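Structural overview for review
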Amino acid sequence: MKKKQKKETPCLTCGRPSPETICLACRNRIQGEAIDKKQEVERKGRTDKGRV
Ligand SMILES: [Zn+2]
């Protein structure tokens, strides 16, 4: 018999079994990286505007 629990699928990023598509740890990391990239883009945009 199978358990009626939520199916755990491997996290897309680290491959660990997780109830979510991406586990919380990886999600936090991805969000952090996204913020870093955003800040980088914003910084570049500012530099470009400032130079022109
Ligand atoms: Zn993960």
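1. Here's the deal with the overall build of the protein chain
Looking only at helices and strands, the protein chain features one helix and two strands. Shown N-terminal to C-terminal, the secondary structure of the protein chain runs as helices and strands in the order β-β-α. Just so you have it, the protein chain exposes about 5400 Å², and 53% of that area is on carbon and sulfur atoms.

2. With respect to the coordination of the zinc ion
Protein coordination at the zinc ion comes from Cys11 (SG), Cys14 (SG), Cys23 (SG) and Cys26 (SG), with a distance range of 2.3 Å. Angles of 103 to 116° at the metal separate the four donor atoms of the zinc ion, which places the site in the tetrahedral class. Mapping the donors of the zinc ion onto the primary sequence gives the spacing C-x2-C-x8-C-x2-C. The class of Cys11 is buried, set by a relative accessible area of 4%. The class of Cys14 is partly exposed, set by a relative accessible area of 37%.

3. Overview of the side chain of Ser18
Summarising the element assignment, Ser18 is placed in strand 2 (residues 17-18). Looking at Ser18, its side chain comes within polar contact range of the main-chain nitrogen of Glu20, at 3.1 Å. When residues no more than four places from it in sequence are discounted, the contact partners of Ser18 are Glu8, Thr9, Cys11 and Cys23.

4. Topic: the pattern of salt bridges
Taken as a whole, this structure holds one salt bridge when the rule is applied. Glu20 serves as the salt-bridge partner of Arg27, at 3.6 Å between the closest nitrogen and oxygen. Given a relative accessible area of 34%, Arg27 falls into the partly exposed group.

Definitions and cut-offs
- Residues numbered from 1 in each chain as written.
- Predicted model: local features only at pLDDT ≥ 70, side-chain atom pairs only at ≥ 80, totals over all residues.
- Heavy atoms only, no water.
- Helix = DSSP H or I, 4+ residues; strand = E, 2+ residues; numbered from the N terminus.
- Areas by Shrake-Rupley, 256 points an atom, 1.4 Å probe, with all protein chains shown as cover.
- Donors = N, O, S within 2.8 Å, 3.2 Å for Na, K, Ca; no water.
- Tetrahedral: all angles 85-135°; square planar, octahedral: opposite > 155°, others 65-115°.
- Buried < 20%, exposed > 50% of the residue type's maximum accessible area, 1.4 Å probe, protein only.
- Polar contact = N/O pair within 3.5 Å; in protein donor to acceptor, adjacent residues only side chain to side chain.
- Contact = heavy atoms within 4.5 Å.
- Salt bridge = Lys/Arg side-chain N within 4 Å of Asp/Glu carboxyl O.

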